[in-house]
Amino acid sequence: MSSQEIPEENLPAEQDAAHGAVEGAGDPFADPGLPAHKPRIQDIDERAANRSERAVAFMFTLSMLATVGFIASYVIFPVDKIVYIFPFGHVSALNFSLGLTLGVALFAIGAGAVHWARTLMSDVEVADDRHAIAAEPEVKAKVLADFAAGAEESAFGRRKLIRNTMFGALALVPLAGVVLLRDLGPLPEKKLRSTLWAKGKQLINMNTMEPLRPEDVVVGSLTFAMPEGLEEDAHDFQVQIAKAALMIIRIEPDNIKDKREREWAHEGIVAFSKICTHVGCPISLYEQQTHHVLCPCHQSTFDLSDGARVIFGPAGHALPQLRIGVNSEGNLEALGDFEEPVGPAFWERG
């Protein structure tokens, strides 16, 4: 259809001869203003508002129940329990329950707050001019008045069911964090204070896996031992050997300076913990002439002829000594456990 066939009333009033642009269209950056406010169904129907209130209260209540379920999961599910859950496959029952309940607790609070704001709080848009950074007294008064008006419009004081359930949900959710802090690791209880050594347990050579006899330990030698009955394929072997590992050294009795060390030894054979008292590294470097033993990690040095006291380095205290003797079969045996915790100092010591 040509321009001659277009009805005259449908043609633009004026055209630019070069570009055909419409003139007189007005300011393209003019403020269009706010659209007319449309009330929501909750604004005009109290029954709809009550339904929204119950929905928000339900989500806050669900959050409370999920938080209780999060805490209860620690009691109900053992750490090693594995279950099959489609489509995740075989997963830890404890981890899955913790993630599910905590996720529901946090989501329900957020969903409840959003639903409350979208359906019950005022949605009237208010335009306000910018003001100076330093607020005038009139502005402060206006802010307080707006805050009071917002509190009134949110029905926070009037909707007691929402308010109380929200307080309950917000009060319970932090308990999940308390449980997580508790789960940073197992409580040490008295486990750090004792080892597998006990009266009558033979010293087993960690190289030959045979009981040690006094004649097996010569002057100037260094031998490592572990308690009788501890097996290398045991599930807790590493945990137990980290506390019970021994250094066996034979020193001429006249060269032992510490009286208690001499009394706890057998014919110059002394047994000290192999675990450094600084950060728990295994000690293995022995100087035969000086009777000094050196930790390879941070160079803490102990004098094994003088109660294994610290003579250099960051270690905080001497190596614990194990009292030993000989049984009826002629094998070296422990006469009890260490009298103090082995390894690094910890806050429960003493």
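Residues numbered from 1 in each chain as written. Predicted model: local features only at pLDDT ≥ 70, side-chain atom pairs only at ≥ 80, totals over all residues. Heavy atoms only, no water.

Caption draft 1: Fine view of the UniProt feature "transmembrane region" (unreviewed entry) in the chain. Per the UniProt annotation, the sites labelled "transmembrane region" (unreviewed entry) are residues 55-76, 96-117 and 161-181. Between the end C-alpha atoms of residues 55-76 the distance is 30 Å, and the span holds 100% helix and 0% strand. Secondary structure across residues 96-117 divides into 100% helix and 0% strand, with the first and last C-alpha atoms of the span separated by 32 Å. (UniProt positions renumbered as here; feature names shortened; annotations may be inferred. Helix = DSSP H or I, 4+ residues; strand = E, 2+ residues; numbered from the N terminus.)

Caption draft 2: Focus on the side chain of Ser154. With respect to the secondary-structure elements, Ser154 resides in the loop between helix 4 (137-153) and helix 5 (160-182). Using a relative accessible area of 8% as the deciding quantity, one classes Ser154 as buried. A polar side-chain atom of Ser154 sits 2.8 Å from the main-chain carbonyl oxygen of Ala151. Apart from the residues lying within four places of it in its own chain, the contact partners of Ser154 are Trp116 and Met121. (Buried < 20%, exposed > 50% of the residue type's maximum accessible area, 1.4 Å probe, protein only. Polar contact = N/O pair within 3.5 Å; in protein donor to acceptor, adjacent residues only side chain to side chain. Contact = heavy atoms within 4.5 Å.)

Caption draft 3: The arrangement of the state of the cysteines in detail. Scanning all chains against the criterion turns up one disulfide. For Cys281, the disulfide goes to Cys297, at an S-S distance of 2.2 Å. Judged by the torsion about the S-S bond (-110°), the Cys281/Cys297 disulfide is left-handed. Placement of Cys281 in the loop between strand 6 (269-273) and strand 7 (285-287) and of Cys297 in the loop between strand 8 (292-294) and strand 9 (301-303) is noted, with a sequence separation of 16 residues between them. Free cysteine Cys276: the closest other cysteine sulfur is in Cys295, separated by 3.8 Å. (Disulfide = S-S within 2.5 Å.)

Caption draft 4: Here's a closer look at the packing of aromatic side chains. As enumerated under the stated definition, the model contains two aromatic pairs in all. Between Phe70 and Tyr74, the ring centres sit 5.9 Å apart and the planes meet at 70°, which makes this aromatic pair edge-to-face. Of the two residues, Phe70 and Tyr74 both sit in helix 2 (residues 46-76), four residues apart, roughly one turn of that helix. On the accessibility criterion, Tyr74 (23% relative accessible area) is partly exposed. Residue placement shows Arg260 over the ring face of Trp264; its charged tip is 4.1 Å from the ring centre. A cation over an aromatic ring shows up here: Lys274 above the ring of Phe224, its NZ or CZ 3.9 Å from the ring centre. (Phe/Tyr/Trp six-rings, centres within 6.5 Å; stacked < 30°, edge-to-face > 60°. Lys NZ or Arg CZ within 6 Å of the ring centre and 35° of its normal.)

Caption draft 5: Structural detail: the side chain of His291. Here His291 is to be found in the loop between strand 7 and strand 8. Within polar-contact distance, the side chain of His291 engages the side chain of Tyr286 at 3.2 Å.

Caption draft 6: Examining the confidence of the model for the chain more closely. With 89% of its residues at a pLDDT of 70 or more, the chain has an overall mean of 86. Low pLDDT (under 50) marks residues 10-24, which in the prediction has seven contacts with non-local residues, meaning those over four places away or in another chain. (pLDDT = per-residue confidence, 0-100.)

Caption draft 7: Local environment of the sheet that holds strand 6. With antiparallel pairing, five strands are arranged side by side in an open sheet as 3-4-5-6-11. In this open sheet, the two edge strands, each paired with only one partner strand, are strand 3 (203-205) and strand 11 (321-322). Bridge count between strand 3 and strand 4 (residues 222-227): three bridges; the pairing is antiparallel. Bridge assignment links Leu203 to a residue of strand 4, and that residue is Pro227. (Pairing = 2+ DSSP bridges.)

Caption draft 8: Geometry of the sheet that holds strand 10 (residues 309-312). Read across the open sheet, the four strands follow the order 7-8-9-10; overall the sheet is antiparallel. Each of the sheet's edge strands pairs with one partner strand only, and the pair in question is strand 7 and strand 10. Within the sheet, the average angular offset between the axes of one strand and its neighbour, ignoring direction, is 30°. The sheet contact formed by strand 7 and strand 8 spans three bridges and is antiparallel. Its bridge partner lying in strand 8, Tyr286 is registered against Val293. (Axes fitted to C-alpha atoms, helices over the stretch in contact; angles between N-to-C directions.)

Caption draft 9: Highlighting the packing of helix 3 (residues 93-119) against helix 5. Between helix 3 and helix 5, the shortest axis-to-axis distance is 11 Å and the interhelical angle comes to 150°. Compared by their axis directions, helix 3 and helix 5 come out roughly antiparallel. Every pair of crossing elements has a handedness; the one defined by helix 3 and helix 5 is left-handed. Between helix 3 and helix 5, the residues in contact are Leu102, Leu106, Ile109 and Trp116 and Ile162, Met166, Ala169, Leu170, Val173 and Ala176, respectively. (Parallel < 35°, antiparallel > 145°, perpendicular 65-115°, else oblique. Left-handed = near helix turned anticlockwise from the far one by under 90°.)

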